[in-house]
Amino acid sequence: MAPAVFLAVLCLGVASSAASPDPSLDAEWQDWKIQHEKNYSLEEEGHRRAIWEENLKKIQLHNGEDGLGKDGFIMDMNAYGDMTGEEFRKWMIDMSIPPLKNVKSVQKRLAGDVPSSINWKQKGYVTPVRRQGRCNSSWAFSVVGAIEGQMFRKTGKLTPLSVQNLIDCSGPQGNLGCYAGNTYLALMYVDENGGLESEATYPYEAKEGPCRYSPENSTASIRGFVLVPKNEDALMNAVATVGPISVAIDARHDSFQFYKRGIYYEPNCSRTSVNHGMLVVGYGFEGSELFGRKYWLVKSSLGKKWGMRGYMKIARKKRNHCGIATYATYPTV
């Protein structure tokens, strides 16, 4: 058989082995594409539809017939519905964590009067949720959020800072732009560079480019940064006394990709292997203060159509669930 003919037969066999789309979902599929502004080539449409249907089944299985979800939270179809878990991890959450052998965490004296709940978003410390797009830059958004909060504490002015500045310019410290990066090295860059531009002068592009930092446009600077001890009591103390804290969590699960609302608890979450940068902006509880379900309030960089308009609640006091206290840092300004 000629190579071209063999290839055509092979492709036909692969295509015919794929499951046919469920016609009862046609309208829902079209509505989803319109809502999230999805456009595909004729060749790609069937592939993405199949992934979307498979993800929809996972969501429905989790939520159950009553729609209340398992483990205290709800999943829902969102803009990432046409991505496999592997694609989502590759493009959105894989964050490298360097060995920090010579770096000491700082144990602040635990405050005795830490409030039982706090929300720095309500106090004006947090800028609006943004969307990282297909750039693995959660580490940069996490760091920028922590610096924004501390600059607000210092100046009383909340200014969105430049994520793109970090993506383009922190390579000498070891970050790899949209491929990989981490919060510690990003803070090192800001400290060594002497400043960071604002979003207004150095806007986000969701791709890596040449470093264009201009000292005259510097909007924020830091004096140093602190690595919080790896336990939830230390993290709670830091959030209560400092403000929003940069953290990383294990986000490699389907339940994270399609989280909608409720207190997130993933039985398969790792407490030590973290891969996605986020920003803790507060903590609280549902029910009674003593016996209620406790949570961390966390800001994402996945856009306002993910989770609770870009936020999620993660189980607190559950043995460092998803490693939320494993890699927490904040700047000093």
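Just above sits the structure.
Note that this is a predicted model, so its numbers are computed, not measured.

For any two aromatic rings, the description comes down to two numbers: the centre-to-centre distance and the angle of the planes. By the definition in use, this model includes 17 aromatic pairs. Judged by centre distance (6.0 Å) and plane angle (80°), the rings of Tyr 283 and Trp 296 are edge-to-face. Pair noted here: Tyr 283 is in strand 8 (residues 276–286) and Trp 296 is in strand 9 (residues 293–299), with a separation of 13 residues, a long-range link. Considered together, Tyr 283 and Trp 296 belong to a single accessibility category, that of buried residues. The structure contains a cluster of three or more aromatic residues connected by ring pairs, namely Phe 73, Tyr 80, Phe 88, Phe 256, Tyr 259, Tyr 264 and Trp 306. Above the ring of Tyr 295, the side-chain terminus of Lys 313 is found at 4.4 Å from the ring centroid. The ring of Trp 296 has Arg 316 sitting right over it, with the charged end atom 5.7 Å from the ring centre.

Moving on, we come to the side chain of Ser 246. For Ser 246, the location among the structural elements is in strand 6 (residues 245–249). Assessed through its relative accessible area of 0%, Ser 246 is described here as buried. In terms of polar contacts, Ser 246 uses its side chain to reach the side chain of Ser 142, at 2.6 Å. When neighbours within four sequence positions are excluded, Ser 246 is seen to be in contact with Ser 142, Val 143, Ala 146, Thr 183, Met 278, Leu 279, Tyr 327, Ala 328 and Thr 329.

So, on to the state of the cysteines. The term disulfide refers to a covalent linkage connecting the sulfur atoms of a pair of cysteines. Throughout the structure, instances matching the rule amount to 3 disulfides. One disulfide bridge connects Cys 269 with Cys 322, the sulfur atoms lying 2.0 Å from each other. Linking Cys 269 and Cys 322, the disulfide has an S-S dihedral of approximately 95° and is accordingly described as right-handed. Taken together, the residues Cys 269 in the loop between strand 7 (259–264) and strand 8 and Cys 322 in the loop between strand 10 (311–315) and strand 11 (329–332) connect sequence positions 53 residues apart. Each member of the pair, Cys 269 together with Cys 322, is buried. Cysteine pairing for the protein chain, with bonded cysteines counted in sequence order: 1-3, 2-4, 5-6.

For the rest of this paragraph, the subject is helix 3 (residues 42–63). With 22 residues, helix 3 ought to run about 32 Å at 1.5 Å a step, and its terminal C-alpha atoms sit 32 Å apart, in line with that. Considered for burial, the residues of helix 3 that qualify are Arg 48, Arg 49, Ile 51, Trp 52, Glu 53, Asn 55, Leu 56, Ile 59, His 62 and Asn 63. Of the surrounding secondary structure, the elements contacted by the buried residues of helix 3 are helix 2 (26–35), strand 1 (73–75), helix 4 (85–93) and helix 9 (254–257). Gly 64 lies just past helix 3 and shows a positive phi near 75°.

Criteria and thresholds
Residues numbered from 1 in each chain as written. Predicted model: local features only at pLDDT ≥ 70, side-chain atom pairs only at ≥ 80, totals over all residues. Heavy atoms only, no water. Phe/Tyr/Trp six-rings, centres within 6.5 Å; stacked < 30°, edge-to-face > 60°. Helix = DSSP H or I, 4+ residues; strand = E, 2+ residues; numbered from the N terminus. Buried < 20%, exposed > 50% of the residue type's maximum accessible area, 1.4 Å probe, protein only. Lys NZ or Arg CZ within 6 Å of the ring centre and 35° of its normal. Polar contact = N/O pair within 3.5 Å; in protein donor to acceptor, adjacent residues only side chain to side chain. Contact = heavy atoms within 4.5 Å. Disulfide = S-S within 2.5 Å. Expected span 1.5 Å × (residues − 1).

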